[in-house]
Amino acid sequence: MAGNTIPFSGTTVEAPACMLGEGPTFDPHTGTAWWFDILGKILFEHVLVTGAIRQHPLPAMGSVLARIDADRQIVATEAGLYLRQTGTGAMELVTPIEADDAGTRSNDGRVHQSGALWFGTMGKNAENGAGTIYHVARGTVTKLYPGISIPNAICFSPDGAIAYFTDTAVNKLMQVAVDPATGLPTGEPEVLVDHSGGEGGIDGAVCDTDGVIWSARWGAGCVDAYSPNGEHLLSLEVPASKSTCPAFVGADAGRLLVTSAKEGMSQEQLERNPEAGNTFILNHPVKGRFEPDYLL
C-alpha cells in the first residue's frame, strides 16, 4: 500500500465491548451516535456531548439503523426491516426480508441520497455465497447482488452517482454507477481496489464530501482512505485488530467513530488485544457528511 500509516490518536468510548460491533451512524439532529452488537442483539445509543450511553435490547440480530424522522427509525435485521419508535424503542417488522431463512442475518448497509436503503445479508457462519445485497425504496425490495458471502463497504459518492460495496471474502472494493434519483444501478460493478491477498479484509466504509472512501480493515486494526480513483491515501490505526466500520460524527461530521469486534478470538488473542470489541473516536480530521433519512 502506498499511503502512510498514522498511529492511533483518539479516545475509547465508555461503552461495553461488543462481540461484533457494527453499523455505526450519527444523528446530527440529536448529536447521537448509534451502533450495534450484532451477536449480542444490542443497539447502543451514545450522546456525544454528555457522554451518556444507553443499551437497547433487540428482538433480532440488527446491523443497520437509519433515521426516518424525529420520532422513527428503520433497523435492518435478520428478519428484514423493523420500524423503531425512537422515544420508546418499540419495534414492528414492516418489510420482511429473508425472515423465513434462519441461516442468514443482515450485515452492512447505508442510505442512498434518494432515501433508499442498500443493505446486505450473509450466512450466520459466513457460508460461501449465502448472502445478497438488496435495495429497498419505500418498502419495495429489489435484489441487486446475490451470491455474496460477507457484504460490506456499502456507501455512496457525494453526488449519489456511484455506489461502493465489497464481498469481504473476495476482498475487492467494487464501484457501480447508480441513478442519483433512485439509487438503483445503471451499469455493471467494476473493481476499484483489489486487496485480495493483502493483510486483513475490506469491511464497512463511508464516503466523505471529497469522495474519499474511509474503509475499516478487519484483521488489520485500521481505517484506510482511498481516493475516488482507488489510490490508497493513508491508514489510521485503531487499537483493536478487528476494526469493522466507521461513521462520521460530531456537529460538523469532522471525526470518525469506529466499531470493532472480538468474535472468534482466543483468550491469548484477547490478552494481546485488550481493546477488542470497543468503539473509538479518532482525532484525525475528516470532511464527513451526514446520512440521509430513509423514506418510508
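Right, let's walk through the structure included here. (Residues numbered from 1 in each chain as written. Predicted model: local features only at pLDDT ≥ 70, side-chain atom pairs only at ≥ 80, totals over all residues. Heavy atoms only, no water.)

Turning our eyes to something else, we now look at empty space enclosed by the protein. Counting across every chain of the model gives 2 cavities of 30 Å³ or more. Here the largest cavity defines a volume of roughly 100 Å³. As for the largest cavity, its lining consists of Arg110, Val111, Gln113, Cys155, Phe156, Val206, Cys207, Phe248, Arg289, Phe290, Glu291 and Pro292. Broken down by secondary-structure element, the contributors of at least two residues to the lining of the largest cavity are β11 (104-111), β15 (151-156) and β19 (201-207). By residue class, the composition of the lining of the largest cavity is 8 nonpolar, 1 polar and 3 charged. Of the volumes computed, that of the second largest cavity is approximately 50 Å³. Contributing elements (two or more residues each) for the lining of the second largest cavity: β3 (21-27) and β23 (243-249). For the lining of the second largest cavity, the leading source of residues is β3, giving 3 residues. (1 Å grid on protein atoms, 1.4 Å probe; cavity = no way out; pocket = protein on both sides within 12 Å on 5 of 7 lines; lining within 4 Å. Points joined across faces, edges and corners; volume = space filled by probe spheres on them. Helix = DSSP H or I, 4+ residues; strand = E, 2+ residues; numbered from the N terminus. Nonpolar A, V, L, I, M, F, W, Y, C, P; charged D, E, K, R; others polar.)

Moving on, we come to the pairing of strand β6 (residues 53-57). Here 5 bridges tie strand β5 (residues 42-47) to β6, and the two strands are oriented antiparallel to one another. Residue pairing for β6: Leu43 is matched across the bridge by His56. Hairpin remark: β5 followed by β6, antiparallel, with 5 residues in the connecting loop; positive phi at Gly51, about 85°. (Pairing = 2+ DSSP bridges.)

So, about the side chain of Asn278. Inspection of the secondary structure puts Asn278 in the loop between α1 (267-272) and β25 (280-282). Not counting chain neighbours up to four residues away, the residues in contact with Asn278 comprise Thr12, Ala15, Ala17, Val258, Thr259 and Ser260. (Contact = heavy atoms within 4.5 Å.)

Membership of the largest hydrophobic core comes to 16 residues, with the highest contact counts inside it found for Trp214, Phe248, Leu256 and Leu282. At the level of elements, β21 (222-226), β22 (232-237), β24 (255-260) and β25 are the ones that each hand at least two residues to this core. When neighbours within four sequence positions are excluded, Leu282 is seen to be in contact with Phe8, Ser9, Gly10, Leu236, Glu237, Val238, Arg255, Leu256 and Val258. Ranked by size, the runner-up nonpolar core spans 14 residues in total, among them Val64, Ala76, Leu81 and Tyr134. (Core = buried A, V, L, I, M, F, W, Y, C linked by side-chain atoms within 4.5 Å. Buried < 20%, exposed > 50% of the residue type's maximum accessible area, 1.4 Å probe, protein only.)

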